[in-house]
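# Structural description and commentary
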Amino acid sequence: MTANRRFDILAMGNAIVDVISSEQPEFLSSRGIKHGSTRLIAADEAEALYAAMGPGREISGGSAANSVVGARMLGARTGFVGRVAADQLGQVFTHDIRAAGVHFATPPATTGNPTGRCLIVVTPDGERTMNTYLGACQELDAADLDAELVAASGILYLEGYLWDPAAPRAAMQAAIKVAREAGNKVAFTLSDVFCVEGHRGDFRDLLSSHVDLAFGNENEVKALYQTDDIDAAMAELAKHACITVVTRSEKGAVVIGGGQHWEVPGEHVAKVVDTTGAGDLFAGGFMAGLVQGRPLPDCARIGCIAAAEVISHFGARPEADLQALVASKLG
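Every value quoted in this text rests on a predicted model; they were computed, and no experiment measured them. (Residues numbered from 1 in each chain as written. Predicted model: local features only at pLDDT ≥ 70, side-chain atom pairs only at ≥ 80, totals over all residues. Heavy atoms only, no water.)

Helix and strand content of the chain: 13 helices and 14 strands. At 19 Å, the chain has a C-alpha radius of gyration in line with the 20 Å of a compact globule built from 331 residues. When its C-alpha atoms are laid out on the principal axes, the chain stretches across 55 × 45 × 40 Å. The proportion of buried residues among the 331 residues of the chain is 55%. Within the chain, counting contacts between residues at least 6 apart in sequence, those at least 24 apart form 73% of the total. (Helix = DSSP H or I, 4+ residues; strand = E, 2+ residues; numbered from the N terminus. Rg over C-alpha atoms; globule rule 2.2 N^0.38 Å. Buried < 20%, exposed > 50% of the residue type's maximum accessible area, 1.4 Å probe, protein only. Contact = heavy atoms within 4.5 Å.)

What follows covers unusual backbone geometry. Here Ser 191, not a glycine, exhibits a phi torsion of approximately 75°, which is positive. Mapped onto the elements of the fold, Ser 191 is located in the loop between β10 (185–189) and α7 (193–198). Of note, Gln 226 is a non-glycine position whose phi angle comes to about 50°, a positive value. Among the structural elements, Gln 226 can be located in the loop between α9 (218–224) and α10 (230–238).

On to the pairing of strand β11 (residues 213–217), then. Consecutive side chains of a regular strand alternate in pointing toward one face of the sheet and then the other. Counting buried residues in β11 gives four out of five residues, a clear majority hidden from the surface. Pairing of β10 with β11 involves three bridges; the strand directions are parallel. Paired with Thr 189 across the two strands is Phe 215, which belongs to β11. Here β11 pairs with strand β12 (residues 243–247) via five bridges, running parallel. (Pairing = 2+ DSSP bridges.)

A contiguous patch of negative charge on the surface is contributed by Asp 228, Asp 229, Asp 231 and Glu 263. Secondary-structure assignment places Glu 263 in strand β14 (residues 260–264). (Patch = residues over 30% accessible without salt bridge, like charges linked within 9 Å, V, L, I, M, F, W, Y side chains within 5 Å. Areas by Shrake-Rupley, 256 points an atom, 1.4 Å probe, with all protein chains shown as cover. Salt bridge = Lys/Arg side-chain N within 4 Å of Asp/Glu carboxyl O. Lys, Arg positive; Asp, Glu negative; His and termini not counted. Charge placed at Lys NZ, Arg CZ, Asp CG, Glu CD.)

The sheet built from five strands is open, its strands ordered β3-β8-β7-β2-β4 with mixed pairing. Of all strands in the sheet, those bounded by a partner on one side alone are β3 (38–40) and β4 (56–61). Averaged over all pairs of adjacent strands, the angle between strand axes in this sheet comes to 20°, irrespective of strand direction. Two strands pair when backbone bridges link them, and strand β7 (residues 116–122) and strand β8 (residues 128–133) are joined in this way by six bridges, in the antiparallel orientation. Looking across to β8, one finds that Val 121 is bridged to Thr 129. Packed on one face of the sheet, helix α2 (residues 43–52) meets β2 (16–22), β3, β4, β7 and β8 and runs near 50° to β7. The strands touched by helix α4 (residues 88–99) are β2, β4 and β7; relative to β4, the strand with the most contacts, the crossing angle is about 70°. (Axes fitted to C-alpha atoms, helices over the stretch in contact; angles between N-to-C directions.)

Keep in mind that these numbers describe shape and distance, not what the molecule does.
Laid out in structure tokens, this is it:
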């Protein structure tokens, strides 16, 4: 499919550093932060909270970035486009994603907001409290694009999270135009129900006109078509994208493509520790299978295997050898 391309998959998305630290519950309560919550925070609080957190792990993150790291671990040639600032966390993001084998060459911004970060506080009960500052990643614009890089990538993968700000949206639209003119595929993930509800009209238009491969979970797809009937919602989605993939948590996924419909079961997980990154790794696994020329049901199986691995531990990055896992289950 992409033998003559430099990269199999090029993703555009939020460039965020996940900062994970273990703290006592009092660390949260003394700052008025609800235990187990997920929230967006402003720059001042992000800086203060980051300074107060104890030693921990700093890992390049963001939905699409997680996907291409997973795809790279499965043998795909991947790249990422996203904005960081010329600061400490920008250096962390750049080093980490490159160390994972993903091409990343977007120049850091020397003006504007600091690098985005998700400050994750893990308490002794295993609960994660997530405090996200989007920062520089929401300032990605068309000037950050390398048109030759987009044209040299078999699949352009876009995340719905980045659609909200005008500048990144224009950058993605420009990238779609380049990909289309180069004869490449465009993949899109709905990302979250709140993204769908905020941009339903745009997403429908995007899917009907520009997208070859669409990812969404059941709630996102139902929200897109404003129905509680998931079968009806999937039927609508399948009218647009050439390949439609709907994830169903532990029940696996439904794949529709080429006039056929497959229900692929989920992988057994002895203990679900943290569901963060499950959808990201599913998408990365599916696309890795696709560029390897595997049948669509096998692509979904690979996605389920990758998702099952990542929810078996804390963090949104696989800790096991994904290629070995896939080989043991699919050959």
